[in-house]
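Notes for the structure review
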Amino acid sequence: MPDVAEPLVRPSWQEAVRTAVRDPAELLQLLDLPAAALGAAGSTPFTLLVPRSFVARMRKGDANDPLLRQVWPFASELDAVPGFSSDPVREQGLAAHGLLQKYAGRALLIASGACPIHCRYCFRREFPYGAQLAARADWSGAIAELAKAPDVREVILSGGDPLSLSNRRLGDLLARLADTAVTTVRIHTRFPVVVPERIDDGLVRLLGGRRFRTVVVVHTNHANELDLAVEQALAALRPPLGALLNQAVLLKGVNDDADSLASLSERLFDCGVLPYYLHLLDRVAGAAHYEVDEATGKKLIAELRARLPGYLVPRLVRETAGQLSKTPIA
Ligand code: SF4
């Protein structure tokens, strides 16, 4: 009998999320780390959640791995730190039917409260999604709000992660948006990087051939997140889009050095993605240990400018509550 190679069977994206690691002890075990490697895990309602393919990109035996540090619930999250709050950009309670108008000409649509991973620095880690989701009554409330704001030209699908929606639900939403005056739909998502299986044929078909342009902003903080499966997913995602961009957060112990940031930009470019924003941390309670000061951020951007072509240098920005756009820092 000829030796026939088994086809590579990947789990569906729903299965990848369902089987994600949720137990800190199991995560340490998978990484060959001793139980005390990162201290006792903090217990908060924003629990550990990390898909197994993301764990597989972490270095075994390395408690300082930059991917591990993005998801580990350090006990220090429970410390109250002055200046850090549950709603650092003051947006809770502002969404009407899931539509939040905080930027001129643009509106955020809170499409889903679910995420494929729990990023410990997330500024919406305590967002009350139940009360502020757009995904009710076939999106009618959000679409009605949009009709009252004819100056809105761009709708930004946010969350949670909007690609947590099934293709059918997302397709319904895009069809409703096609009947409005918007000219661009921007999707902010961590899915292509965290669970690349999410970029299936159905999704790619959904994003193409629309009356509006579709832009996807992925969220990657370190080059080690971008393995071959992610590169292939991003290559499949790119053709129907107007642009494929990345935003990162500047995080202590993850990417706060010029080598890491330069590698990230170069690896993104390999994958057909342009670095767009590098955010200073939003001062959300539980994330103080990630903060990098503004002066260090500026210095790092200056180093990147000296090393990279301009199109690979992200814009350093901060989100300031009440401002009509991000505030550029450097
Ligand atoms: S996937 Fe996005 S919304 Fe969800 S925890 Fe991570 S940064 Fe926050």
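Each chain carries its own residue numbering, running from 1 in the written order of its sequence. Confidence filtering applies because this is a predicted model: local features only for residues at pLDDT of at least 70, side-chain atom pairs given and counted only at 80 or more, and all residues used for totals across whole chains, interfaces and linings. Heavy atoms from the whole structure form the basis of all side-chain values; hydrogens and water molecules are not counted.

Turning to its location among the elements, valine 193 is positioned in helix α7 (residues 191-194). Residues valine 193 and threonine 220, 27 residues apart in the sequence, show an inter-C-alpha distance of 6.9 Å. Two residues qualify as a contact provided that any one of their heavy atoms is within 4.5 Å of a heavy atom in the partner residue. If we skip the residues at most four places from it in the chain, valine 193 touches Arg57, Val218, His219, Thr220, Glu225, Leu226 and Val230. Each helix corresponds to a stretch of at least 4 residues labelled H or I by DSSP, and each strand to a stretch of at least 2 residues labelled E; elements are numbered beginning at the N terminus.

Quick look at the environment of alanine 302 now. Within the secondary structure, alanine 302 is located in helix α11 (residues 294-307). For alanine 302, a relative accessible area of 41% puts it in the partly exposed group. C-alpha of alanine 302 to C-alpha of alanine 258: the two residues are 44 residues apart in sequence and 9.3 Å apart in space. We call a residue buried when its accessible area falls under 20% of the maximum for its residue type, exposed when it is over 50%, and partly exposed in between, using a 1.4 Å probe and counting protein chains only.

Moving on, we get to empty space enclosed by the protein. The way it works is a 1 Å grid over only the protein atoms, where trapped points that fit a 1.4 Å probe form a cavity and open points with protein on both sides within 12 Å along at least five of seven lines form a pocket, and then any residue with an atom within 4 Å of a point lines it. Grid points are joined across faces, edges and corners, and a volume is the space filled by probe spheres set on the points. Scanning the model with the defined rule gives 1 cavity of 30 Å³ or more in all. There is about 60 Å³ of room inside the largest cavity. For the largest cavity, the full set of lining residues is Asn246, Ala248, Leu261, Leu264, Ser265, Leu268, Pro275, Tyr277, Leu278, Leu304 and Pro314. Every element with two or more residues in the lining of the largest cavity is listed here: β6 (243-249), α10 (258-270) and β7 (274-279). In terms of residues, the lining of the largest cavity owes the most to one element, α10, which gives 4 residues. The classification used treats Ala, Val, Leu, Ile, Met, Phe, Trp, Tyr, Cys and Pro as nonpolar, Asp, Glu, Lys and Arg as charged, and all other residues, Gly among them, as polar. Among the residues forming the lining of the largest cavity, the class breakdown is 9 nonpolar, 2 polar and no charged.

Bringing the layout of surface pockets into the picture now. The space that makes up the largest pocket amounts to roughly 810 Å³. Forming the boundary of the largest pocket are 37 residues, of which Cys122, Phe123, Arg124, Ser158 and Gln247 lie nearest the centre. Mapped onto the lining of the largest pocket, the elements with two or more residues apiece are β1 (99-103), β2 (106-112), β3 (154-159), β4 (184-189), β6 and β7. In terms of residue class, the lining of the largest pocket is made up of 17 nonpolar, 10 polar and 10 charged.

The quantities given are spatial measurements derived from coordinates; they are silent on function.
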